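# Notes for the structure review
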Number of protein chains: 2
Amino acid sequence: MESSFNSRLLDRAVGELSKLPGVGKKTALRLALHLLRRDSGEARSLGEAIIEMREGITYCEKCHNISEEPVCPICSDFHRDRKIVCVVENVKDVITIEATHAHRGLYHVLGGLISPLDGIGPSELEIESLVERVKEEEIEEVILALSPTIEGDTTNFYIFRKLSSLPVNVTVLARGLSVGNELEYADELTLGKSIQNRIPFS
Amino acid sequence: MESSFNSRLLDRAVGELSKLPGVGKKTALRLALHLLRRDSGEARSLGEAIIEMREGITYCEKCHNISEEPVCPICSDFHRDRKIVCVVENVKDVITIEATHAHRGLYHVLGGLISPLDGIGPSELEIESLVERVKEEEIEEVILALSPTIEGDTTNFYIFRKLSSLPVNVTVLARGLSVGNELEYADELTLGKSIQNRIPFS
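Presented here is a report on the structure given in the accompanying data block.

Conventions used here
- Within each chain, residues carry numbers counting from 1 in the order of the written sequence.
- Going through the entries in the order they are written, you letter the chains from A and number the ligands from 1.
- Selection of residues for local features in this predicted model requires a pLDDT of at least 70, selection of side-chain atom pairs for listing and counting requires 80 or more, and totals for whole chains, interfaces and linings are taken over all residues.
- With hydrogens and water stripped out, all remaining heavy atoms of the structure feed into the side-chain values.
- By this definition, two strands are paired if DSSP reports at least two bridges between them.
- By definition, any uninterrupted DSSP run of H or I lasting at least four residues is a helix, any uninterrupted run of E lasting at least two residues is a strand, and each is numbered from the N terminus.
- Only C-alpha atoms enter the line fits that serve as axes; for helices the fit covers just the stretch in contact. Angles between N-to-C directions range over 0 to 180 degrees.
- By definition, residues are in contact when any of their heavy atoms lie within 4.5 Å.
- Here the quantity called buried area is the total loss of accessible area, with a 1.4 Å probe, experienced by two parts when brought into contact, counted for both.
- Salt bridge criterion: a side-chain nitrogen from Lys or Arg within 4 Å of a carboxyl oxygen from Asp or Glu.
- Two N or O atoms form a polar contact when they lie within 3.5 Å of each other; inside protein one atom must be a possible hydrogen donor and the other a possible acceptor, and for residues adjacent in sequence the pair counts only when both atoms belong to side chains.
- Nonpolar residues are Ala, Val, Leu, Ile, Met, Phe, Trp, Tyr, Cys and Pro. Charged residues are Asp, Glu, Lys and Arg, and all others, Gly as well, are polar.
- Nine residue types can take part in a nonpolar core, namely buried Ala, Val, Leu, Ile, Met, Phe, Trp, Tyr and Cys, and a core is a set of them joined through side-chain atoms within 4.5 Å.
- Buried, partly exposed and exposed residues are distinguished by accessible area as a fraction of the type maximum, computed with a 1.4 Å probe on protein chains only: under 20%, between the cut-offs, and over 50%, respectively.

Let us look at the sheet that holds strand S3 (residues 81–88) of chain B. All names here are of chain B. The strand order S4-S3-S5-S6 describes an open sheet built from 4 strands, whose pairing is parallel. Either end of the sheet is taken by a strand with one partner, and the two such strands are strand S4 (105–109) and strand S6 (169–172). Direction aside, the axes of adjacent strands within the sheet are offset by 25° on average. Examined bridge by bridge, S3 and S4 share 5 bridges and lie parallel to one another. The residue bridging Val 87 from the neighbouring strand is His 108, located in S4.

Turning our eyes to something else, we now look at the interface of chain B and chain A. In this assembly, 50 residues from chain B lie in contact with 51 residues from chain A. With both chains or domains summed, chain B and chain A bury close to 5100 Å², and 69% of this area falls on carbon and sulfur atoms. Three residues, Leu 36, Met 53 and Arg 54 of chain B, lead the burial of chain B against chain A; their summed loss comes to 14% of the area buried on that side. The interface formed by chain B and chain A contains 4 salt bridges. A salt bridge links Arg 44 of chain B to Glu 55 of chain A; the shortest N-O distance between them is 3.1 Å. Linking chain B with chain A are 15 residue pairs in polar contact (both at pLDDT 80 or more). Contributions of two or more residues to the side of chain B that touches chain A are made by helix H1 (8–17), helix H2 (25–37), helix H3 (40–56), helix H4 (73–76) and helix H5 (91–100) of chain B. Broken down by class, the residue content of the side of chain B that touches chain A amounts to 26 nonpolar, 7 polar and 17 charged.

All names here are of chain A. Strand order in the open sheet made by the 5 strands is S4-S3-S5-S6-S7, with mixed pairing throughout. A strand with exactly one partner marks an edge of an open sheet, and here the two such strands are strand S4 (105–109) and strand S7 (199–200). Alignment of strand S3 (residues 81–88) against strand S5 (residues 141–144), held across 4 bridges, turns out to be parallel. Looking across to S5, one finds that Val 85 is bridged to Val 142. Against the sheet, helix H6 (residues 128–136) engages S3, S4 and S5, with an angle of about 150° to S4.

So, on to the nonpolar core. Among the nonpolar cores identified, the biggest contains 48 residues, and Leu 10 and Met 53 of chain A together with Leu 10 and Met 53 of chain B are the most heavily contacted of them. Elements that contribute at least two residues to this core include exactly helix H1 (8–17), helix H2 (25–37), helix H3 (40–56) and helix H5 (91–100) of chain A together with H1, H2, H3 and H5 of chain B. Setting aside chain neighbours within four positions, we find Leu 10 of chain B in contact with Met 53, Ile 57, Ile 66 and Ile 95 of chain A together with Phe 5, Leu 29, Ala 32, Leu 33 and Leu 36 of chain B. Formed by 40 residues, the second largest nonpolar core is a distinct cluster that contains Leu 113, Leu 130, Leu 144 and Leu 173 of chain A.

Residues and elements named next belong to chain A. You can see Asp 81 is positioned in strand S3. Taking the relative accessible area as the measure of exposure, Asp 81 reaches 33% and is therefore partly exposed. Residues Asp 81 and Gly 105 lie 24 residues apart in sequence; the distance between their C-alpha atoms is 4.3 Å. The residues touching Asp 81, leaving out its near neighbours within four places in the chain, are Arg 104, Gly 105 and Leu 106.

Further remarks concern H5 of chain B. All names here are of chain B. Those residues of H5 not exposed but buried are Val 91, Val 94, Ile 95, Ile 97 and Glu 98. Taking the backbone nitrogen of Lys 92 as reference, a side-chain oxygen 3.2 Å away marks Asn 90 as the first, capping residue of H5. A positive backbone phi angle near 55° is found at His 101, which sits one or two residues after H5.

Moving on, we get to the side chain of Ser 67 of chain A. Residue and element names in this part refer to chain A. Looking at where Ser 67 falls in the secondary structure, it is placed in strand S2 (residues 66–67). We classify Ser 67 as buried; its relative accessible area is 1%. Of the polar contacts made by the side chain of Ser 67, one reaches the backbone oxygen of Glu 69; its length is 2.6 Å. In this structure, Ser 67 is in contact with Gly 56, Ile 57, Thr 58, Tyr 59, Cys 60, Cys 72 and Pro 73, ignoring residues within four places of it in sequence.

So, on to the pattern of salt bridges. Scanning the model with the defined rule gives 20 salt bridges over all chains in all. Note that Lys 162 of chain A and Glu 128 of chain A form a salt bridge whose closest N and O atoms lie 3.7 Å from each other. Taken together, the positions of Lys 162 of chain A in helix H7 (residues 150–163) and Glu 128 of chain A in helix H6 put the pair 34 residues apart, joining distant regions of the chain. The exposure class assigned to Glu 128 of chain A is partly exposed, which follows from its relative accessible area of 43%. Among the charged side chains, a network of salt bridges with common partners joins Arg 44 and Glu 48 of chain A together with Glu 55 of chain B.

The following block contains the structure:
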């Protein structure tokens, strides 16, 4: 069996690197050759960091954010406002919102948005567990912080209906966000403002 | 110590990934979150492939190409024409030239080009070892396959002088029009060279 690069080990590393999103075979080769030029400790650090991250990180049993413990540092932080829960699509959005410092409450990560075209219905998402949290915890406000897209609006509306019989205020991020753009590309100032100016869902 | 992403393991993986060339912190985070969403076997395969590649690959003691053995598969291949040695800047160039299937001889990897501005002189490169190979092996032709840049030309000239007293032909890659490109888009220097170096039509 002839190898493309005359090294089975290089072939394999390039193959694995090119599985990453946005990394083609050319980029993968460039990265692999970079690592070969560097100190072997650097490649080991990278490899171990990847493996240990994947094996050490699990999901918070309360908010479904990533966590190294059964309950994440945000849910465990009793300095945060436990009466306000911010509902986001994914883990990335928690990081994005945390960077604004505009939200001092908790989170709830849905794991996606309702999207019939992609076959994602409410049962695929952490919506039932959100309703349970609202029933069991002393939550006064649920902030819907989903992307202002059709899928985001659909999900907002579904959650709003699910929570409508419960004694909780449901708010939605102010539409300072440019409609049609993904949440993760909004600048921190705009995103911060849109958290401050959140309005009752109607 | 507070971590940027509320996970030390994620912080570390993002930190290591963003050391890669062309990978900023945002891209590193995107890659890390991608790996977190995938099967843990995938992250393990990637991590191990990187570590094992770096530890298993060394440099061929003859041509200085990457190799898993003291002598690389190309230098060990007795079906190749051992009278012709192609001199290249780096390992990537060996892969690029191998992909053309136009060279059936051996290689010699310099490890860079002479570049006084970057502080790279001839002694930093595998030039002395090339001269030794020409003296000791039965090499009839040295093909200089360096980039057509100032550094490449300087290095070509230096090697040419070093080999001038030895019974070996020194050739250089043809400079001319790129195949498939419109003549009007060729730069004047290249077009001029391709007129000077015109060859009989066949």
